[in-house]
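Examining the three-dimensional arrangement
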Amino acid sequence: MITSKSLLKIRNNWISEVANQLATQEQVKEDLLEEISRFFDLLLQAVDLRDPYVLDPILSDWVNTRTETELENPEGSLMPVLSQIQLATFNIAERNLTKEETIETFTALLPIFSHGMEFASTEETRLHVQHITSELEKTRATLEKLEKSKSDFISVAAHELKTPLTLIEGYVSMLKDTLPQESSRKDLADIYLKGVHAGTRRLREIVDDMIDVSMIDNNLLSLNFQPLWINRLLDSIHRELSESIQQRNISLNINRFPGSDEMIFADGERLFQAFRNVIMNGIKYTPDGGKVNVDGRLLPGFIEITVSDTGIGIDPEDHGRIFEKFGRLGNVSLHSSGKTKFKGGGPGLGLPITKGIIDAHGGAIWVESIGYDEKSYPGSTFHIMLPLRKTPPDDKTAKLFKNLIEAN
Ligand code: ADP
């Protein structure tokens, strides 16, 4: 017990010197004295019992009083404080004890201090990780709330807009029918009415998109599985977009590929909407004179359809964002209006709807593009994987088709 006796000899010196070194302000020093004395007495106990774990409770208390900013910052850690206490202890021992006593004290204290530092550092890391996890949890909860209010807003807005829109559409059509044929202003009135009609049609498309998005968000999208052929679907999209392609001087190439003429079960209307969105985007984000190419291949159990364009491209970091609601890129105020005009950005609902439709089919959609560049036009390729479904997924319809086939 020589060591603890030697330590006792330096107790008073140790407490005042360590408190002086650790605290620069008198008030802090006062508060510190009590803690420092507690530390010293536990140190003494640890030496007596040859048990470094005796210090754990006080170190744990000290770590727990650290603020989050102190924990994040290496200078705020307890490590420098413990090193300073250790150094001070050795200096005080050297000055006040005999050489033998000093060596003995050093030997006894070294493992206690190293265990203390290890313990404090582990505690600090544990607390830090705990704090980060709780912050992440808070952020996740906030994001979930935000996502929910976004979704609620879309749903309410869409339904609120629907009624007045239907009213306007009705009155426009009535006005058109009641305009006197012989009126000298008829031609002019017709032009104005066409303008109102085009505006309401675009508004109707946006409201319908908002309703689709809120259905997808709430898992309410139900599919109507029917037999269809991908090549026929793509041909009808080609026909629908022919005017825009001509206006924009874009060459839209739809290739026949193995699998495109296979009969599959899918929701034709929804797939039409999904493919049209992707092809229309190809046209929209490609400058006049560019190319949009539709191709594909047959894979085991799947058909893969690709839509490539020679347009502005998409930065890899945005490849996920564009499939999120309102995930429009670039400066929205610079977008032109119009559905197929160059960069004629819409509200950013097309791709989330497309993804919702493809996901509901059990498929997948993703994009490949080396980046966004409005000078070199690197282009983008959208990949769509669709399950090669030879029967409808739902049992009742499957049986009906089986019976029909057998009857024929
Ligand atoms: P929008 O109605 O704005 O076209 P989408 O959901 O269809 O909304 O697309 C989201 C965003 O993804 C677009 O605003 C555009 O920035 C980007 N994008 C989609 N398709 C392409 C493409 N083929 N080339 C470049 N950017 C694209």
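The rules we used
Residue indices begin from 1 for each chain and proceed along its sequence in written order. In view of the model being predicted, local features appear only for residues whose pLDDT reaches at least 70, and side-chain atom pairs are presented and counted only at 80 or more, with totals across whole chains, interfaces and linings using the full set of residues. The side-chain figures draw on all heavy atoms in the structure; neither hydrogens nor water molecules are used. Where helices and strands are cited, they refer to DSSP runs of H or I of at least four residues and of E of at least two residues respectively, numbered from the N terminus. Relative accessibility decides the category of a residue: with a 1.4 Å probe and only protein chains considered, values under 20% of the type maximum give buried, values over 50% give exposed, and everything between is partly exposed. Note on contacts: a residue pair is in contact if any heavy atoms of the two residues lie within 4.5 Å. Only the protein chains shown count as cover for residues, and the accessible areas themselves come from Shrake-Rupley with a 1.4 Å probe. A pair of strands counts as paired when DSSP detects no fewer than two bridges linking them. Fitting a line to C-alpha atoms yields each axis, with helices limited to the stretch in contact; the angle taken between N-to-C directions then spans 0 to 180 degrees. Near is defined per residue: the residue qualifies when any heavy atom it owns lies within 4 Å of the molecule or strand. Pairs of N or O atoms are called polar contacts if they sit within 3.5 Å, as long as, within protein, a hydrogen donor faces a hydrogen acceptor (for residues adjacent in sequence, only side-chain-to-side-chain pairs). Salt bridge criterion: a side-chain nitrogen from Lys or Arg within 4 Å of a carboxyl oxygen from Asp or Glu. By the definition adopted for this analysis, an angle is roughly parallel if under 35 degrees, roughly antiparallel if over 145, roughly perpendicular if from 65 to 115, and oblique otherwise. Definition used in this section: a nonpolar core is a set of buried Ala, Val, Leu, Ile, Met, Phe, Trp, Tyr and Cys residues joined via side-chain atoms within 4.5 Å. Ring pairs shown here join Phe, Tyr and Trp side chains whose ring centres sit within 6.5 Å, with only the six-membered ring taken for Trp; geometry is labelled stacked below 30 degrees between planes, edge-to-face above 60, and tilted in between. Only when the NZ of Lys or the CZ of Arg is both within 6 Å of the ring centre and within 35 degrees of the ring normal is a charge said to sit over the ring.

Focus: the overall build of the protein
- In terms of regular secondary structure, the protein is built from 12 helices and 7 strands.
- Counting every position in the protein, which comprises 408 residues, the buried fraction comes to 40%.
- Sequence-distant contacts in the protein: of pairs separated by 6 or more residues, those separated by 24 or more amount to 74%.
- For the protein, the accessible area works out to roughly 23500 Å², and carbon and sulfur atoms hold 55% of it.

Topic: the sheet that holds strand 2 (residues 251-254)
- With respect to topology, 5 strands assemble into an open sheet ordered 2-4-5-7-6, the strand pairing being mixed. With one partner strand each, in any of the chains shown, strand 2 and strand 6 (364-368) form the two edges of the open sheet. The sheet shows a mean angle of 15° between the axes of neighbouring strands, direction not considered.
- One ladder, built from 8 bridges, connects strand 4 (residues 291-299) with strand 5 (residues 302-309); its direction is antiparallel.

Looking at the site of the ligand
- The ligand sits among 21 residues. The nearest are Asn281, Lys284, Tyr285, Asp309 and Leu351.
- One nitrogen or oxygen atom from the main chain of Gly348 is found 3.2 Å from an oxygen atom belonging to the ligand.
- Here the ligand loses 96% of its free accessible area of 530 Å² to cover by the protein chains.
- Sorting the residues of the shell around the ligand by element identifies helix 10 (268-284) and helix 11 (350-360) as the ones contributing at least two each.

Considering helix 11
- For helix 11, every residue scored as buried is listed here: Leu351, Pro352, Ile353, Thr354, Gly356, Ile357 and Ile358.
- The secondary structure elements touched by the buried residues of helix 11 are helix 8 (186-217), helix 10, strand 6 and strand 7 (381-387).
- Directly beyond the C-terminal end of helix 11, a positive phi value near 85° is found at Gly362.

Let's talk about the side chain of Asp212
- Tracing the sequence through the fold places Asp212 in helix 8.
- Overall, the relative accessible area of 9% leaves Asp212 in the buried class.
- Residues in contact with Asp212, not counting those within four places in the same chain, are Arg270, Gln273 and Ile353.

Digging into the pattern of salt bridges
- Counted according to the given criterion, the structure contains 22 salt bridges.
- Of the charged contacts in the structure, one is a salt bridge between Lys325 and Glu147, with a shortest N-O distance of 2.5 Å. Of this pair, Lys325 sits in the loop between strand 5 and helix 11 while Glu147 sits in helix 7 (residues 99-178), and the two are 178 residues apart along the sequence.
- Looking at Lys325, the relative accessible area reads 9%, which means it is buried.

Considering the packing of helix 6 (residues 79-96) against helix 7
- Running from N to C, helix 6 and helix 7 point in directions that differ by 170°, and their axes come no closer than 10 Å. What the angle tells us is that helix 6 and helix 7 run roughly antiparallel. Within the contact between the two elements, helix 6 uses Met79, Leu82, Ser83, Ile85, Gln86, Thr89, Phe90, Ala93 and Glu94 and helix 7 uses Thr102, Phe106, Leu109, Leu110, Phe113, Gly116, Met117, Ala120, Ser121 and Glu124.

Some thoughts on the pairing of strand 7
- Taking burial as the measure, the 7 residues of strand 7 include 6 buried ones, the bulk of the element.
- The sheet contact formed by strand 5 and strand 7 spans 7 bridges and is antiparallel. From the neighbouring strand, Phe302 faces strand 7, where its bridge partner is Pro387.
- Bridge analysis of strand 6 against strand 7 gives 5 bridges, and the strand direction is antiparallel. Each residue of the ladder has a partner; that of Ile365, found in strand 7, is Ile384.

Re the nonpolar core
- If you look at the biggest cluster of nonpolar residues, it comprises 52 residues, and the most contacted ones within it are Ile230, Leu271, Phe275, Ile279, Phe382 and Leu386.
- No other element matches helix 10, which puts 8 residues into this core.
- Residues in contact with Ile230, not counting those within four places in the same chain, are Phe257, Ser260, Ile264, Phe275, Ile303, Ile305 and Leu386.
- Ranked by size, the runner-up nonpolar core spans 35 residues in total, among them Ile36, Val47, Phe113 and Ala120.

Digging into the side chain of Arg270
- Within the secondary structure, Arg270 is located in helix 10.
- In terms of polar contacts, Arg270 uses its side chain to reach the side chain of Asp212, at 3.1 Å.
- In contact with Arg270, not counting residues within four places along its chain, are Asp212, Met215, Leu221, Leu223 and Ile357.

Description of the packing of aromatic side chains
- Here the structure, examined in full by the defined rule, presents 7 aromatic pairs.
- Judged by centre distance (5.3 Å) and plane angle (15°), the rings of Phe39 and Trp62 are stacked. Note that Phe39 is positioned in helix 3 (residues 26-49) and Trp62 in helix 4 (residues 56-64), a separation of 23 residues in sequence.
- Phe39 gets classed as buried once you look at its relative accessible area, which sits at 1%.
- In this arrangement the basic side chain of Arg232 is found over the ring face of Trp229, its NZ or CZ atom lying 4.1 Å from the centre.

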